[in-house]
Amino acid sequence: MRKSIISVGMSGFVIAMLAGCGTRTAQEDVRSVDWYESHETERTAKLKDCMTSPRTLDATPDCVNASRAENNIKAATKWATPDEGVRTEPSIRN
C-alpha cells in the first residue's frame, strides 16, 4: 500500500513538472547594446514592451540591452539641457 502511494505521488510530481515545460515561447534574436543605440525607434518600442509586462520581459537580454543603450544615450547628452531646468553648466576643475 505504501509503495502505491509513493508511486502515485511521484507520478503526479512528474506530470506537474512536465506540464510547465511547454509554456515557454520561442525567443527572438537578441540585439546588442550598440544596435539599440543606433536604432532609436526600435529601442523605444522595445522599452515600451518591457515596461508593459515587467514580470515576464524585464529581465530578458533584449530588455536589458535596450535599457543599457538608453542609459548610454542619456549619459552622452550635454549637461544643462533646458528641460532639466539647469541654467549653467557645472564647472569641472582638475
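Everything below is about the structure printed above this text.
Everything in this summary refers to the structure shown in the same document.

Cut-offs applied
Residues numbered from 1 in each chain as written. Predicted model: local features only at pLDDT ≥ 70, side-chain atom pairs only at ≥ 80, totals over all residues. Heavy atoms only, no water. Salt bridge = Lys/Arg side-chain N within 4 Å of Asp/Glu carboxyl O. Helix = DSSP H or I, 4+ residues; strand = E, 2+ residues; numbered from the N terminus. Core = buried A, V, L, I, M, F, W, Y, C linked by side-chain atoms within 4.5 Å. Buried < 20%, exposed > 50% of the residue type's maximum accessible area, 1.4 Å probe, protein only. Contact = heavy atoms within 4.5 Å. Expected span 1.5 Å × (residues − 1). Arc of directions from axis to C-beta. Polar contact = N/O pair within 3.5 Å; in protein donor to acceptor, adjacent residues only side chain to side chain. Phe/Tyr/Trp six-rings, centres within 6.5 Å; stacked < 30°, edge-to-face > 60°. Lys NZ or Arg CZ within 6 Å of the ring centre and 35° of its normal.

1. Description of the pattern of salt bridges
A full pass over the atoms with the stated rule returns three salt bridges. Residue arginine 43 pairs with glutamate 70 through a salt bridge whose shortest N-O separation is 2.8 Å. On the criterion of sequence distance, the pair formed by arginine 43 in helix H3 (residues 40-52) and glutamate 70 in helix H5 (residues 61-75) is long-range, its members being 27 residues apart. What emerges from the salt-bridge pattern is a single network uniting Arg43, Glu70 and Lys74.

2. A closer look at the nonpolar core
Membership of the largest hydrophobic core is limited to five residues, which are Val33, Tyr36, Leu47, Ala66 and Ala69. Secondary structure elements with two or more residues in this core: helix H2 (33-38) and H5. Contacts of tyrosine 36, omitting those with residues within four sequence positions, involve Arg31, Glu42, Arg43, Lys46, Asp62, Asn65, Ala66 and Ala69.

3. Description of H5
For H5, spanning 15 residues, the distance from its first C-alpha to its last is 21 Å, which sits close to the expected 21 Å at 1.5 Å a residue. Of the positions making up H5, those classed as buried are Asp62, Cys63, Asn65, Ala66 and Ala69. End-on view of H5: buried residues confined to an arc of 165°, all on one side of the axis. Exposed and facing more than 90 degrees away from the buried side of H5 are Arg68, Lys74 and Ala75.

4. Overview of the environment of asparagine 71
Following the sequence through the fold, asparagine 71 ends up in helix H5. In this structure asparagine 71 comes out as partly exposed when scored by relative accessible area, which is 48%. Taking the C-alpha atoms as reference points, asparagine 71 and glutamate 37, 34 residues apart in sequence, are found 9.5 Å from one another.

5. What to know about the environment of glutamate 70
In the structure, glutamate 70 is positioned 33 residues away from glutamate 37 in sequence and 7.0 Å away in space, judged by C-alpha atoms. Contacts of glutamate 70, omitting those with residues within four sequence positions, involve Arg43 and Leu47. A distance of 2.8 Å separates the side chain of glutamate 70 from the side chain of arginine 43, its partner in a polar contact.

6. Quick word on the packing of aromatic side chains
Per the counting criterion, the structure on display carries one aromatic pair. Taking the centre distance of 5.2 Å and the plane angle of 80° together, the rings of tryptophan 35 and tyrosine 36 count as edge-to-face. Its relative accessible area of 24% is what places tryptophan 35 among the partly exposed residues. For tyrosine 36, a relative accessible area of 2% translates into the label buried. Cation over ring: arginine 31 sits above tryptophan 35, and NZ or CZ is 4.5 Å from the ring centre.

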